[in-house]
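Below, each chain spelled out in residue letters.
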Amino acid sequence: MLANPDAYSVKDASHTFKIYKSTSRWEAEASTERMLTLLSQITPDTLSPSSRITYEIMLDALLTEQEGYRYFYYEEPLTFSSGMHVQVPILLSEYAFRNAEDVENYLTLLASYPDYLNGLLLFEQEKAANGLFMSKYALKEVLKQCRDLITTETLEENRHFLQTTFEKRLLALREAGLLTEEACASYREKNNRLLKEAVLPAYTSLADGLQALEAQAGRSAGLSSKENGTAYYEYLVRKMTGSDHTVPELMDALQQSFLADCKQLDTLLPALEGKTYDFSLAGRLESPQEITQDLMTKTEVLFPIPQGENSIRILSVEKALEDYVSPAFYLTPALDAYNEHVIYINEGNRPDDLTLYTTLAHEGYPGHLYQTLCFYRAIDNGALHPVRALLHYPGYTEGYATYAEFLSYEYAKSHGNSAMLDCELPAYRLQLTLYAMLDICIHYYGYDNEDTYDCLVSFGLDDRRLAGELYEYIVNAPANYLSYRVGYMEVLECRELAEVCWKDAYSLQNFHRFFLTYGPAPFPFIKEQIRAVDPDLIQKSYD
């Protein structure tokens, strides 16, 4: 989060994981109550406009957190799609080494990781005791991941990614003259010892502990099948999307969007009859770096690049990590090092040219990278309080990145096959909309595996394997698709509202700058500010 905690007056920063204990729930709830009490002592009317916005967003985040304690054991940290047992090692592999102190802090953090895994097991045991343990399918997948992620063989051969990435980071410090060879050897020995004698046994213990709970693993089913599951899903949808629409209202909006895209495809598809249906960047853009530069050039009018030096590195994922990460991802930088950006490409799961182009738009420009740059720059120049960087609103972040991804289909037309791209966008939007509707059907209306298959068949997708995998993924990650699809829908609603309210002061450029410098928040808050802002000041504030 911070490269230099002292710069933000953070003293005695902890370099260990927060370990879950049986008392953690009550301690966390008491902490939330204390912060709400402190906020209640503030008179909002006495605050500056910017501080009042921060106050209101903090209050919303804390009240959302407080409500979540009702559903404490519904949370699942060990999902097979993005569980902490997989995500934490990936984050450790990307821990930045800027000096010897960073290496020391990393090794301290790694040494505490086994206790963190033990805490996760305790939480799973408590979930099981409350009748909310994971499904048999999920358990099988998680057990396999625990046993495959780190093995004696890979460690003995020095090819585990927590060894290879550690070595690369040490070498960079050695070449910069910041470490001696003797220090590197000492650090290397300690890293290997911790992995072999602490981390590997901890994963074995976690797998054995989960295996012992197998009798309490049930069938795969949506949240509506559980006691208070529907109420939890309604809460989760609000949290994950930032929308104030009810679940039935969202379903209706998704259905309307689905029908509109179907009609658009019916109109566009005849133009492709007899034509080649492909898209290639060969001979135009030969690398992810060139694609990113192309996107930066094409988007600079609607998405002006903030002034200042920015380092953008596009790296390949370590081969040992390829089975665990998505085709591409953006690593959020430290708040006080926001000019250092890294996008990772998974060469083992590299998509086709069009998907790579649009994925880099989602992760890079004008998506997450640009979004983070604008947000952190606003914090750095004092327009936003740094505490805003701690508040997480997936609907805002993923909805905007999806919006950016969809815009990139237009930018891709300069590289050929415009008629095909006109069809690809509504077709992809249809797919994402369908998955979002299935999320609601499974978790709110009680669809089972067979219902999911029948639904896909009604749309011409007669594939039981696909239906089964999709069903298990949605059961495992409730409301995840909604953060993207509903978030995107809300971004469009904000844009349309700005066009109405700002009149002549409206432009896409002004909307994008307003939206991105407002920062992550619930969408009703953003819409309220769109209505409240003086249109005459919109353009002036960005000149």
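Above this text you will find the structure in question.
All values reported here derive from a predicted model rather than from experimental measurement. (Residues numbered from 1 in each chain as written. Predicted model: local features only at pLDDT ≥ 70, side-chain atom pairs only at ≥ 80, totals over all residues. Heavy atoms only, no water.)

A.B. asks: Go over the environment of His 443, please, and point to the residues and values.
C.D. replies: In this fold, His 443 is placed in helix H15 (residues 418-443). The class of His 443 is buried, set by a relative accessible area of 0%. A C-alpha to C-alpha distance of 46 Å links His 443 and Lys 190, two positions 253 residues apart in sequence. Filtering out sequence-adjacent residues up to four positions away, His 443 remains in contact with Gly 222, Leu 223, Ser 224, Tyr 233, Ile 474, Val 475 and Pro 478. For His 443, the side chain forms a polar contact with the main-chain nitrogen of Leu 223, separated by 3.0 Å. (Helix = DSSP H or I, 4+ residues; strand = E, 2+ residues; numbered from the N terminus. Buried < 20%, exposed > 50% of the residue type's maximum accessible area, 1.4 Å probe, protein only. Contact = heavy atoms within 4.5 Å. Polar contact = N/O pair within 3.5 Å; in protein donor to acceptor, adjacent residues only side chain to side chain.)

A.B. asks: Any chance you could break down the packing of aromatic side chains for me, citing the residues and the numbers?
C.D. replies: Under the defined criterion, the tally for this structure stands at 38 aromatic pairs. A ring pair is formed by Phe 17 and Tyr 116, whose centres lie 5.1 Å apart and whose planes are at 35°; its orientation type is tilted. Of this pair, Phe 17 sits in the segment before helix H1 (24-40) while Tyr 116 sits in helix H4 (residues 100-129), and the two are 99 residues apart along the sequence. Grouping residues by exposure puts Phe 17 and Tyr 116 together as buried. Geometrically, the ring pair formed by Phe 97 and Tyr 106 is edge-to-face, given 5.4 Å between the ring centres and 70° between the ring planes. The class for Phe 97 is buried, based on a relative accessible area of 11%. Members of the aromatic cluster, each reached through a chain of ring pairs, are Tyr 396, Tyr 400, Tyr 403, Phe 511 and Phe 515. (Phe/Tyr/Trp six-rings, centres within 6.5 Å; stacked < 30°, edge-to-face > 60°.)

A.B. asks: Which residues make up the packing of helix H12 (residues 353-363) against helix H14 (residues 394-412), and what values go with them?
C.D. replies: Contact pair H12 / H14: the axes reach a minimum separation of 7 Å and the direction vectors enclose 135°. Looking at the two axes, H12 sits oblique to H14. Viewed along their axes, H12 and H14 form a crossing whose handedness is right-handed. Across the interface between the two elements, Leu 354, Tyr 357, Thr 358, Ala 361 and His 362 of H12 pack against Glu 398, Ala 401, Thr 402, Ala 404, Glu 405, Ser 408, Tyr 409, Tyr 411 and Ala 412 of H14. (Axes fitted to C-alpha atoms, helices over the stretch in contact; angles between N-to-C directions. Parallel < 35°, antiparallel > 145°, perpendicular 65-115°, else oblique. Left-handed = near helix turned anticlockwise from the far one by under 90°.)

A.B. asks: Quick rundown of the side chain of Ser 24? Include the residues and the values.
C.D. replies: For Ser 24, the position within the fold is in helix H1. Accessibility expressed as a relative area gives 14% for Ser 24, which makes it buried. Separated by 2.7 Å, the side chain of Ser 24 and the backbone nitrogen of Lys 21 make a polar contact.

A.B. asks: Could you give an account of the sheet that holds strand S2 (residues 328-331), naming the residues involved and the relevant values?
C.D. replies: One open sheet accounts for three strands, arranged S1-S3-S2; its pairing is mixed. Sheet topology places strand S1 (311-316) and S2 at the edges, where each strand pairs with a single neighbour. Put simply, the sheet's adjacent strands are angled 20° from each other on average, direction ignored. In this sheet, strand S3 (residues 340-345) lies alongside S1 in parallel orientation, the contact comprising six bridges. Among the inter-strand pairings, Ile 314 is bridged to a residue of S3, identified as Ile 343. (Pairing = 2+ DSSP bridges.)

A.B. asks: Tell me about the nonpolar core, and name the residues and values.
C.D. replies: Counting residues in hydrophobic clusters, the biggest one holds 112 residues, and the most contacted among them are Tyr 233, Ile 440, Leu 482, Trp 502, Phe 515, Ile 526 and Ile 530. Considering each element in turn, this core owes the most residues, 14 residues, to H15. In contact with Ile 526, other than residues within four places in its own chain, are Tyr 396, Cys 494, Phe 514, Phe 515, Tyr 518 and Ala 521. Phe 17, Phe 97, Leu 173 and Val 199 belong to the second largest nonpolar core, which has 54 residues in total. (Core = buried A, V, L, I, M, F, W, Y, C linked by side-chain atoms within 4.5 Å.)

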